[in-house]
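Fold and geometry: a report
Residue-level listing of the chains:
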Amino acid sequence: MLEQQFDADRSLQVDGRVRSFLRSLLPQLGIAEIMLTDASGLNAVTSSRTTDFVQHDEDWWEQATREGEAPATVVFDESVRQVVMSMALAVREGVGDAPEGAHKVSFGLAGIDSVLRSVSAIGGIQVDLVDPRGRLVASSGTASRLQLLPGMDRVLSTPRDSIVAYDVPTAEGEPGRRLAAVDDVQGGRCRLIAH
């Protein structure tokens, strides 16, 4: 019933000034979407029309209000129709107070791709950022986002700040050997791979 009632904006849009401020941040920071919910998990202010009005059943909202934060994850976001890196935090009036809601920020990945391409151009190597399952998040190359990269099981099991040799299938179907330098980013939630 609430989804139908608030279908136009899918948000209460309680303050136009806050919405304008949030929208002004999008291009400056490479943000795709920002949302702020109330304690019931309803969108209070959003930078744009979201997929749904009620957020209290979403994993990110539950984790943020229960634990204080939902760590960065890479997902295809239906609202903005692109792969984004999203993170969420509980909103509290004071330290230790119960959450008054949560806010979620979803970053586009074009800026990260650009930085990886500039690093790659210096040494002629490919640089990829992968999630904990080995799916491509950002790249200096042209592979599709969230695609599972070949050989990542070996790369992901390598200790941080190491060099590893691993096999990938070649165009002829034979295994090809690659060498990669691997390091953790985001506190180990993602891996940066130069190969």
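As the structure is a prediction and not an experimental result, all values here were calculated from the model.

1. Examining the overall build of the protein
Looking only at helices and strands, one finds 5 helices and 10 strands in the protein. Dimensions along the principal axes, computed over C-alpha positions, put the protein at roughly 60 × 30 × 30 Å. Going through the 195 residues of the protein one by one, you find that 42% of them count as buried. Partitioning the contacts of the protein with sequence separation of at least 6, the portion at a separation of at least 24 is 43%. One finds the centroid of the 19 positive side-chain charges in the protein at a distance of 4 Å from the centroid of its 28 negative side-chain charges.

2. Notes on the sheet that holds strand E10 (residues 190–194)
A sheet is described by the order of its strands in space; here 5 strands give the open sequence E7-E6-E10-E9-E8, paired in antiparallel fashion. With partners counted over all chains shown, the strands left at the sheet margins are strand E7 (136–139) and strand E8 (162–169), one partner each. Across this sheet, the average inter-strand angle for adjacent strands is 35°, counted without regard to direction. Where E8 lies against strand E9 (residues 175–185), 8 bridges are found, and the strand directions are antiparallel. Opposite Ser162, over in E9, you have Val182 as the bridge partner.

Reading the values: the criteria
Counting starts from 1 at the beginning of each chain's written sequence and moves along it residue by residue. Confidence filtering applies because this is a predicted model: local features only for residues at pLDDT of at least 70, side-chain atom pairs given and counted only at 80 or more, and all residues used for totals across whole chains, interfaces and linings. Heavy atoms from the whole structure form the basis of all side-chain values; hydrogens and water molecules are not counted. By definition, any uninterrupted DSSP run of H or I lasting at least four residues is a helix, any uninterrupted run of E lasting at least two residues is a strand, and each is numbered from the N terminus. Three labels apply to residues, based on accessible area from a 1.4 Å probe with only protein chains included: buried if under 20% of the type maximum, exposed if over 50%, partly exposed otherwise in between. Here, residues are in contact when the closest pair of their heavy atoms is within 4.5 Å. Charged residues are defined narrowly, with Lys and Arg counted positive, Asp and Glu counted negative, and His plus the chain ends left uncounted. Charge positions come from single atoms, namely NZ of Lys, CZ of Arg, CG of Asp or CD of Glu. When DSSP finds two or more bridges between a pair of strands, those strands are recorded as paired. Every axis in this analysis is a line fitted to C-alpha atoms, fitted for helices over the stretch in contact. Angles between the N-to-C directions lie between 0 and 180 degrees.

From the geometry alone we can't say anything about function, so treat these as descriptive.
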